[in-house]
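Architecture at a glance
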Amino acid sequence: MTMICPHCKHVTNRRSSLEQSDVTRKAYYLCSNPKCSFSFVAFEQISHAVKQSAMPDQSVNLPLSKSKRTKQEQEEMFNEVHS
Ligand SMILES: [Zn+2]
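Residues numbered from 1 in each chain as written. Predicted model: local features only at pLDDT ≥ 70, side-chain atom pairs only at ≥ 80, totals over all residues.

Concerning the overall build of the protein chain
Assigned secondary structure in the protein chain consists of 1 helix and 3 strands. A burial count over the protein chain gives 4% of its 83 residues as buried. Put simply, of all contacts in the protein chain between residues at least 6 apart along the chain, 20% involve residues at least 24 apart. (Helix = DSSP H or I, 4+ residues; strand = E, 2+ residues; numbered from the N terminus. Buried ≥ 20, exposed ≤ 12 C-beta atoms within 10 Å, placed from the backbone. Contact = placed C-beta atoms within 7 Å.)

Topic: the environment of Glu44
Its place among the elements puts Glu44 in strand S3 (residues 39–45). For the pair Glu44 and Ala27, spaced 17 residues apart in sequence, the C-alpha separation works out to 7.2 Å. Residues contacting Glu44, with those up to four places away along its chain left out, are Met1, Arg25 and Ala27.

Structural notes on the sheet that holds S3
Reading across the sheet, the 3 strands line up as S1-S2-S3 and stay open at both edges, with antiparallel pairing between neighbours. Of all the strands in the sheet, the pair left with one neighbour each is strand S1 (12–21) and S3. Shown here is a sheet whose adjacent strand axes are inclined to one another by a mean of 25 degrees, direction ignored. The sheet contact formed by strand S2 (residues 24–31) and S3 spans 7 bridges and is antiparallel. Within S3, the position partnered with Leu30 by the bridge is Ser39. (Pairing = 2+ DSSP bridges. Axes fitted to C-alpha atoms, helices over the stretch in contact; angles between N-to-C directions.)

Here it is, written out as structure tokens:
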């Protein structure tokens, strides 16, 4: 994963990362611009599935991308939220 430095807009280098959960990592980044040298932490999280796994782990519960849901699934989710 590449992130752009929010200060000087150069590419940053990912120095290391730690697993926080099955879907979250804490990553440490350093700006590649020696005149900037901004260092920061970013949390990377799997937010939703684009295609479900063919080998699903039942403990992993990620919603399917909105664009991949059927109209009926979207209506069911809308009704759950608004009931
Ligand atoms: Zn920078």
